[in-house]
There are 2 protein chains.
Amino acid sequence: MNAADRIRYENRRERLRALLAEAGVPALLVSFAANRYYLSGFEQHDSQCNESVGWLVVTAKGPDVLFTDARFTDAALRLWPGEDLCIYGAGKHAAMAEFLLGRGVKALGFDPKAISVFDHEALRGHFELAPADGLVERLRLIKEPGEVELLRAACGLNHRIMRALPDLLQPGMTEDEAAWQVERLFREAGAEGLSFPTIVGAGRNAALPHAIPGETKIERDSLVLVDAGCRLGGYCSDQTRTFWVGREPSERFQETKRLVLAAQKAAMEIIKPGLPMAEAYHAARRVFEDVGVAGQFTHSLGHGIGLETHEGPSLAPRTEGVFAPGMVVTVEPGLYDAAWGGVRWEYMVVVTEDGCKAL
Amino acid sequence: MNAADRIRYENRRERLRALLAEAGVPALLVSFAANRYYLSGFEQHDSQCNESVGWLVVTAKGPDVLFTDARFTDAALRLWPGEDLCIYGAGKHAAMAEFLLGRGVKALGFDPKAISVFDHEALRGHFELAPADGLVERLRLIKEPGEVELLRAACGLNHRIMRALPDLLQPGMTEDEAAWQVERLFREAGAEGLSFPTIVGAGRNAALPHAIPGETKIERDSLVLVDAGCRLGGYCSDQTRTFWVGREPSERFQETKRLVLAAQKAAMEIIKPGLPMAEAYHAARRVFEDVGVAGQFTHSLGHGIGLETHEGPSLAPRTEGVFAPGMVVTVEPGLYDAAWGGVRWEYMVVVTEDGCKAL
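What you see as residue numbers is a count from 1 along each chain, following the sequence as written. Whichever chain is written first is A, and whichever ligand is written first is 1; the rest continue in order. Residues qualify for local features only when their pLDDT is at least 70, as the model is predicted, and side-chain atom pairs are given and counted only at 80 or more; totals for whole chains, interfaces and linings, by contrast, use all residues. Side-chain numbers here rest on the full set of heavy atoms in the structure, without hydrogens or water.

A.B. asks: When you look at the sheet that holds strand β12 (residues 239-245) of chain A in this model, what are you seeing that I'm missing?
C.D. replies: All names here are of chain A. Read from one edge to the other, the open sheet built from three strands follows the order β8-β9-β12, with strand pairing classed as antiparallel. What marks the edges here is a single partner per strand, and that holds for β8 (199-202) and β12. The mean inter-strand angle of the sheet, taken between neighbouring strand axes irrespective of direction, is 15°. One requirement defines pairing of two strands: DSSP has to find at least two bridges between them. Secondary structure follows DSSP: runs of H or I at least 4 residues long count as helices, runs of E at least 2 residues long count as strands, and numbering of each begins at the N terminus. For strand β9 (residues 222-228) and β12, the ladder comprises seven bridges, and the chain directions are antiparallel. Bridged to L225 within β12 is T242. Between two residues, a contact is recorded if the distance between any of their heavy atoms is within 4.5 Å. A fitted line through C-alpha atoms serves as each axis, taken over the contacting stretch for helices, and the angle formed by two N-to-C directions is quoted from 0 to 180°. Against the sheet, helix α7 (residues 145-168) contacts β9 and β12, and its axis sits at roughly 10° relative to β12.

Dropping the structure here:
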């Protein structure tokens, strides 16, 4: 790991230490993969949801300790001092206890959503445990300039691919084939992978907010919704466009798209530091209410995005809190009718000092 | 969902019901994605490790209840009766309680490794909870003929791709480029995706059991280890081969490969129903011990594979239990030397009535 990277992770842990002191947490067990990576650069993903590749413990005064198994010794040593690295075998919790108790760490804060009952029970025999959640997430909410640049680069690949899609989406092509073409374009453009399974909804399937691409063929003179994103430098993109395949778009498509874009614009025009986040949702929804179609807007307006496709904040009617500079969120209103189809349009925006800007 | 599929999932839940009765568990909360899918056909994956798309509750006498959120209503109704489906909003745990208490379900068994402390706390206010783990895994350990066929088909794609690799792996190509070519071949051959991120280790990198493909270029007259797999029909494949790129393989490569294949053969020759699983590991290891290189065999011999790449049983020195017909495991001995490289060779095998057979 080069010096700049090392300093970035150290700075994040220093900021976390300040939050720990504020919350009276003597040391924090970081068990959630994205948080671990954010604070250490070690392995962004666990090998399976039920298979952790390691935990990090951030202590009140440092040094911090990275725990992993022998498969990852080499990867860990590239970015972590050997004396602060604990390689565990089958007796993971006992090994952790021995290592940490030897350093005087007897109490740990933990994230109740990111630790299983099994691990909690096993650690409880060794440590005083107390819930301490949302601290790393609070840091991750505000993106550093370097993170915004990576998100912009990831989103840049989306722009490129969405521009290629009108030529690529042809009548007779299945949703599944289209999804694979999207993935191929992302990968050939340099993405590390998809940030989530691509959604391709042809015709009525566009009305399913969670449409798994299938054997349905794209018909001539019909709509196709594509919701896709990639990972670049570890950061996620997420973008939806709804295309018309064929000649002149139907009036209903044009009118629905016009409304969706108007709702999106209404939200983006008011998003700025200090605005309650729920207001962005309501601003978009009002555009639909004014013409009596708000019932067809069935989900939230958007979500934070960064190391994960879905992270805080959520732009929902009951979200508490206000926008702050450095937040990156999606703005993705949509209108759906199961008997017809749907239109969704999605930008990723970064909150600036005095407004917001599409990435 | 067609009738055959529906009956398959119902049969699995009936078999689980027998295990529940045996264990005195009145109802089981199935929170782990692969288990949920195995028992219901509903959504094989959660959207993120921290974002469940639904839970299943299997009750002593049925009917069983599927819980999900509004994004998945349509997908759930395709395979589950509406009257046994509960769509929750923000108040997930309270909604579950209302639905289940209305049916007289007051106590739930849960898997301590597959439920977070947060969810456990929230459910504890509504239900009597008791740990009940490993029950669905016990069923999944023995593959049904249909599952073996899907695993064979997934593995068949591996055979095809591994055959194409000697022509594809060329000096000057980076590990990263090679990994993408492997993925492209899998997808173009019909795979739904990879079962895990492809490992490509050129030269010394082959000695890292967890080699992330990078910018290292394949050199002429050197070895390249490729460990890759796909998903087909939801089932995973996993296969490793170690190739020589260039003219005549070095003597060391030939000798190491010969030993690894001999160890693999030694294990496969004895695997049969009734054999203690640890014996397979020891049989392979003995081949290495006989020539004094056992210290270079640094991992277990293999693992179960099915809906997940890594599932039970583990073929490790301390594994308890014996082989049984219908188990599908990998057999993947390897020898590694950080200063030189490594050779690993991996088959997927199904345990038959009187031995085992490579898929």
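A.B. asks: Is there a simple way to think about the pattern of salt bridges in this case?
C.D. replies: Opposite charge on two side chains permits pairing when their charged atoms draw close. Only one rule defines a salt bridge in this text: a Lys or Arg side-chain nitrogen within 4 Å of an Asp or Glu carboxyl oxygen. For the coordinates displayed, the defined rule picks out 54 salt bridges over all chains. Between B:D227 and B:R344 there is a salt bridge; the shortest N-O distance is 2.8 Å. In this pair, B:D227 is assigned in strand β9 (residues 222-228) and B:R344 in strand β17 (residues 341-344), connecting sequence segments 117 residues apart. No difference in accessibility class separates B:D227 from B:R344, as the two residues are buried. By sharing partners, the salt bridges in this structure join A:R13, A:E14, A:R17 and A:D64 into a single network. For every residue, the accessible area (1.4 Å probe, protein chains only) is compared with the maximum for its type, and the residue is labelled buried under 20%, exposed over 50%, or partly exposed between those bounds.

A.B. asks: Can you walk me through the interface of chain B and chain A in this structure?
C.D. replies: A common way to report how large an interface is uses the accessible area buried once the components associate. Tallying the contact residues gives 30 residues for chain B and 30 residues for chain A. Counting the surface lost from both chain B and chain A, the interface buries some 2700 Å², and carbon and sulfur atoms represent 63% of this. Inspection of the region where chain B meets chain A yields two salt bridges. Polar contact is the term for a pair of N or O atoms within 3.5 Å; when the atoms are in protein, one must be able to donate a hydrogen and the other to accept it, and sequence-neighboring residues count only if both atoms are side-chain atoms. Inspection of the chain B/chain A interface yields 14 residue pairs in polar contact (both at pLDDT 80 or more). Gly is put with the polar residues, along with every residue not named as nonpolar or charged; the nonpolar set is Ala, Val, Leu, Ile, Met, Phe, Trp, Tyr, Cys and Pro, and the charged set is Asp, Glu, Lys and Arg. Of the residues contributing to the side of chain B that touches chain A, the split by class is 12 nonpolar, seven polar and 11 charged. Here the buried area means the combined drop in accessible surface, using a 1.4 Å probe, for two parts upon being joined, counting both sides.

A.B. asks: Honestly, the packing of aromatic side chains in this entry has me stumped. Any pointers?
C.D. replies: Geometrically, a pair of aromatic rings is defined through the distance of the ring centres and the angle of the planes. Two rings belonging to Phe, Tyr or Trp (six-membered ring only in the last case) form a pair when the distance between their centres is within 6.5 Å. Interplanar angles under 30 degrees mark stacking, angles over 60 mark edge-to-face geometry, and anything in between is tilted. The full count for this structure, using the stated rule, is 11 aromatic pairs over all chains. Residues B:W244 and B:F253 carry aromatic rings whose centres are separated by 5.2 Å and whose planes lie at 45° to one another, so their mutual orientation is tilted. Of the two residues, B:W244 and B:F253, both sit in the buried class. Ring centres of B:F288 and B:F297 lie 5.3 Å apart, and the angle between their planes is 70°; on these two criteria the pair is classed as edge-to-face. Residues B:F288 and B:F297 agree in their burial class; the two are buried. A connected cluster of aromatic rings, assembled from ring pairs, spans A:Y281, A:F288 and A:F297. By definition, being over a ring means that NZ of Lys or CZ of Arg is both within 6 Å of the ring centre and within 35 degrees of the ring normal. For the cation-ring pair, A:K92 lies above A:W55, with the distance from its terminal atom to the ring centre recorded as 3.7 Å. A cation sits over an aromatic face here: B:K113 above A:F118, 4.4 Å from the ring centre.

A.B. asks: Please explain the domain arrangement of chain A as it appears in this structure.
C.D. replies: All names here are of chain A. Segmentation of chain A into domains returns domain 1 (3-140) and domain 2 (145-358). Bear in mind that the domain bounds are from an automatic or database domain assignment. Between the C-alpha centres of domain 1 and domain 2 the distance comes to 34 Å. Counting residues at the interface gives eight residues for domain 1 and seven residues for domain 2. Carbon and sulfur atoms supply 42% of the area that domain 1 and domain 2 bury against each other, a total of about 640 Å² over both sides. Counting across the interface, domain 1 meets domain 2 through two salt bridges. Note that R140 is salt-bridged to E308, the shortest N-O span being 2.9 Å. On inspection of domain 1 and its partner domain 2, the count reaches four residue pairs in polar contact (both at pLDDT 80 or more). Top contributing element to the side of domain 1 that touches domain 2 by residue count: helix α2 (residues 33-40), with three residues.

A.B. asks: I tried to follow the relation of the copies chain B and chain A on my own but got confused; where do I start?
C.D. replies: Here two copies of a chain appear, and what relates them is a rotation about an axis with a shift along it. In superposing the copies, a least-squares fit is computed on C-alpha atoms, taking residues whose pLDDT is at least 70 in both. Least-squares fitting of chain B to chain A yields an RMSD of 0.0 Å, with the superposition described by an axial translation of 0.0 Å and a rotation of 180°. As the rotation angle and translation indicate, the two copies are arranged about a two-fold axis. Residues of chain B ranked by C-alpha distance from the rotation axis are headed by B:S116, positioned 2.1 Å from it. In this assembly, 100% of the residues forming the interface of chain B have copies in chain A that are likewise at the interface, indicating an isologous arrangement.

A.B. asks: For this particular structure, what's the right way to read the sheet that holds strand β10 (residues 230-232) of chain B?
C.D. replies: What holds strands together in a sheet is hydrogen bonding between their backbones, with the strands either parallel or antiparallel. All names here are of chain B. Ordered by their spatial adjacency, three strands build an open sheet running β7-β10-β11, and the pairing between neighbours is antiparallel. Of all the strands in the sheet, the pair left with one neighbour each is β7 (193-194) and β11 (235-236). Inspection of the sheet shows β7 paired to β10 by two bridges, in the antiparallel sense. For L194, the partnering residue across the bridge sits in β10 and is C230.

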